[in-house]
Amino acid sequence: MPKTPINKTRPDWWPAKDTEICALCDIAPGAARGFTLTGEGAGDKLELIIWRDDKGAAEVLRGFVNKCPHMGLPLETFPDRFLNAMGDGLICSAHGAQFDATGACFGGPCKGAVLISVQLIVQDRDNNKHIVLRPPAPHSASA
Ligand code: FES
């Protein structure tokens, strides 16, 4: 019987269509927050990190699956505590892996590995901006 790799980071479930996460104003500029999406099935669950990265010339909305490539654990111990002290990278609280703005690990036990990025779009509705997860194409979701 094949073993499940301990560093499995790819989620088993994605929403089938665009899914609103929250209003853009629910995340302060420079902050990161965690979100859990669920579906109809018992195992339909996707943990996300959404980061309004304002360290560059223009603010960038970044999204990642919240599974550390070291052991597949969520990055945070305390709710929404994803960023390092400088606010310019993500850090895993389990064993200290550090990730740059692209999700690449540059320090810690999984150096060279990457967080799985997710595609986010911002939609205008009801005079507000909303963050929406766009699911990956079917062939890339199961890789
Ligand atoms: S699980 Fe993240 S560094 Fe070990």
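> Got a minute to help me understand the environment of proline 138 in this structure?
Its place among the elements puts proline 138 in helix α1 (residues 138–141). Considered as a pair, proline 138 and glutamine 119 are 19 residues apart in the sequence and their alpha carbons are 14 Å apart.

> Please explain the sheet that holds strand β6 (residues 98–99) as it appears in this structure.
Sheet strands associate in pairs through backbone hydrogen bonding, adopting either a parallel or an antiparallel arrangement. Taken in spatial order, the three strands line up as β5-β6-β7 in an open sheet, and their pairing is antiparallel. Pairing within the sheet leaves two strands with one partner each, and these edge strands are β5 (90–91) and β7 (105–107). As paired strands, β5 and β6 are joined by two bridges and run antiparallel to one another. By the bridge assignment, isoleucine 91 is partnered in β6 with glutamine 98.

> Help me understand the pairing of strand β4 (residues 60–65), please; the structure alone is not making it clear to me.
Side chains on a regular strand alternate between the two faces of the sheet. The pairing of strand β3 (residues 45–53) with β4 spans six bridges and is classified as antiparallel. Bridge assignment links isoleucine 49 to a residue of β4, and that residue is phenylalanine 64.

> What's the story with the pairing of strand β2 (residues 32–38) in this structure? I'm lost.
Both β2 and β3 contribute to a ladder of seven bridges, which runs antiparallel. Looking across to β3, one finds that phenylalanine 35 is bridged to leucine 48. In this structure, the hairpin formed by β2 and β3 is closed by a connection of six residues.

> What is the right way to read the nonpolar core from this model?
Nonpolar side chains in soluble globular proteins generally cluster together in the buried interior. Leu48, Ile49, Ile50, Leu75, Phe82 and Ala97 are the most contacted members of the largest nonpolar core, which totals 22 residues. If you list the elements that add at least two residues to this core, you get β3, β4 and β9 (128–134). Per element, the largest residue contribution to this core is five residues, and it comes from β3.

Cut-offs used in this document
Residues numbered from 1 in each chain as written. Predicted model: local features only at pLDDT ≥ 70, side-chain atom pairs only at ≥ 80, totals over all residues. Helix = DSSP H or I, 4+ residues; strand = E, 2+ residues; numbered from the N terminus. Pairing = 2+ DSSP bridges. Core = buried A, V, L, I, M, F, W, Y, C linked by C-beta atoms within 7 Å. Buried ≥ 20, exposed ≤ 12 C-beta atoms within 10 Å, placed from the backbone.

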